[in-house]
Amino acid sequence: MTKLKKLIVSGIAVVLAVSLTACNVDIQSDALSDNSTDTSAVKTGYSVISTISDVTETTLTIDSVCAAVLVDNDGKVIDCKIDQAHIKPNLTQNNGDVADLRTKFEKQEDYGLRSASAIQKEWYEQISAFEDFTKGKTADEIINSVDENGYVSDTDLKASCTIKVSDISQAVANAIGSAQYLGASETDILRLAVSTQKNNSASSDTNLQYDSYYAAVTLNSDGIITSCLIDASQAKCTIADGMFTVSDCDFATKKELKEDYGMKGASQIGKEWYEQAGAFEEFAKGKTAAEITAVVGNDGYSSDADLSAGCTIDISPIVSNLVNAMA
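We now turn to the structure provided with this report. All values derive from a computational prediction rather than experimental measurement.

Some thoughts on the sheet that holds strand S6 (residues 207-219)
1) Next: Reading across from one edge, S5-S6-S7-S8 is the order of the 4 strands in this open sheet, with antiparallel pairing throughout. Looking at the sheet topology across the chains shown, the edges are occupied by strand S5 (189-198) and strand S8 (243-244).
2) Next: With 2 bridges connecting them, strand S7 (residues 225-240) and S8 associate as antiparallel partners. Across the sheet, the residue bridging to isoleucine 239 is phenylalanine 244, located in S8.
3) Next: Running at roughly 45° to S6, helix H11 (residues 316-326) makes contact with S5, S6 and S7 of the sheet.

Here's what the structure looks like:
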């Protein structure tokens, strides 16, 4: 090889080496940037377990346990919120109307557990202790902390929580399992709200129906939504000759039902309830409570053109519950 050729080859090698080095730096820089983003991001999840139980001819109990979680990259709970809708309609009293539809947590002292509690603690106090217990734990660790009878087995936790937690622990585990990266950061605040109302239009001599709404939301320091999850369920209690004919059962949320909810055929935009709920969740991100409230029209439907393109369901109870979570 001549001297000139050697110089040309050497020059090309230097240029390639410099180019590859620069490229490698850029790749490493991008990777570090991605890792930094992944480190700050956390998952948001929720779960609902609903049952109709203790059915007699004229009475029954409707329960919906809801858990919301923030989960880190190792699947461990950063924060946890739990609440429970618990209503007992009686057909011999006001046609099954229940006057107080507050959740167990909302009732605070009015729930009335303290006097019957072996540790003299109300439900909201005991569930707060359980929420704190879940922090730093995985789904398996939480499930394994419950004995075969549904009570906590951890000695320290027993001092603060003696309620039955089988459904509660399962709801938390399910929430962890379903958690996704939706925009929340580790420093965000986690909130949960559950609200229940009688569905008068769906209730009749042959059916008594109570609808519950759920909102799990994370907020930044400015009160702006960073992640949002909503759902709803319908407790349909069939009646014949003035007596309940429904059996003890579990029932799914609208999101869990997916296509089986059966809205798509009647929807003017051809979308199921879970799809429209997803559009609302995306719309809510980056907004304040006031901005969310402002899009509810007088008829209860969205007055925002962008939201209406993906969500034409009645959003008034959804927004009311979401704003309650943000308060």
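Thoughts on the environment of leucine 307
1) Next: Checked against the element boundaries, leucine 307 lands in helix H10 (residues 305-308).
2) Next: Its relative accessible area of 3% is what places leucine 307 among the buried residues.
3) Next: Separated by 23 residues in sequence, leucine 307 and alanine 284 place their C-alpha atoms 9.5 Å apart.
4) Next: Once residues lying within four places of it in the same chain are set aside, the contact partners of leucine 307 are Ala279, Phe280, Phe283, Val295, Ser302 and Ile315.

Focus: unusual backbone geometry
1) Next: With phi around 55°, aspartate 241 is a residue other than glycine that occupies positive phi space.
2) Next: One can find aspartate 241 in the loop between S7 and S8.
3) Next: You can call aspartate 241 exposed: its relative accessible area is 75%.

Focus on the pattern of salt bridges
1) Next: Tallied over the entire structure, the rule returns 11 salt bridges.
2) Next: Here aspartate 79 ties to lysine 135 by a salt bridge, and the two come within 3.8 Å at their closest N and O atoms. Here lysine 135 lies in the loop between helix H3 (123-134) and helix H4 (139-143) and aspartate 79 lies in strand S3 (residues 77-87), a separation of 56 residues in the sequence.
3) Next: For aspartate 79, a relative accessible area of 16% gives the class buried.
4) Next: Accessibility expressed as a relative area gives 36% for lysine 135, which makes it partly exposed.
5) Next: Close ionic contact of arginine 102 with aspartate 110 constitutes a salt bridge, the shortest N to O distance being 3.1 Å.
6) Next: The exposure class of aspartate 110 is exposed, given its relative accessible area of 55%.
7) Next: Shared partners join several salt bridges into a network, and the residues in it are Asp79, Asp132 and Lys135.

Reading the values: the criteria
- Within each chain, residues carry numbers counting from 1 in the order of the written sequence.
- Totals for whole chains, interfaces and linings use all residues, but because this is a predicted model, local features are given only for residues with pLDDT of at least 70 and pairs of side-chain atoms are given and counted only at 80 or more.
- Think of the side-chain values as coming from all heavy atoms in the structure, minus any hydrogens and water.
- We treat two strands as partners when DSSP finds at least two bridges between them.
- Put simply, DSSP marks the helices as runs of H or I at least four residues long and the strands as runs of E at least two long, and each gets a number from the N terminus on.
- Whether two residues are in contact is decided by their heavy atoms: any pair within 4.5 Å suffices.
- Fitted lines through C-alpha atoms give the axes, limited to the stretch in contact for helices. The angle between two N-to-C directions lies from 0 to 180 degrees.
- Note on classification: 1.4 Å probe, protein chains only; a residue is buried when its accessible area is under 20% of the maximum for its type, exposed when over 50%, partly exposed between these limits.
- Should a side-chain nitrogen of Lys or Arg be within 4 Å of a carboxyl oxygen of Asp or Glu, the pair is scored as a salt bridge.

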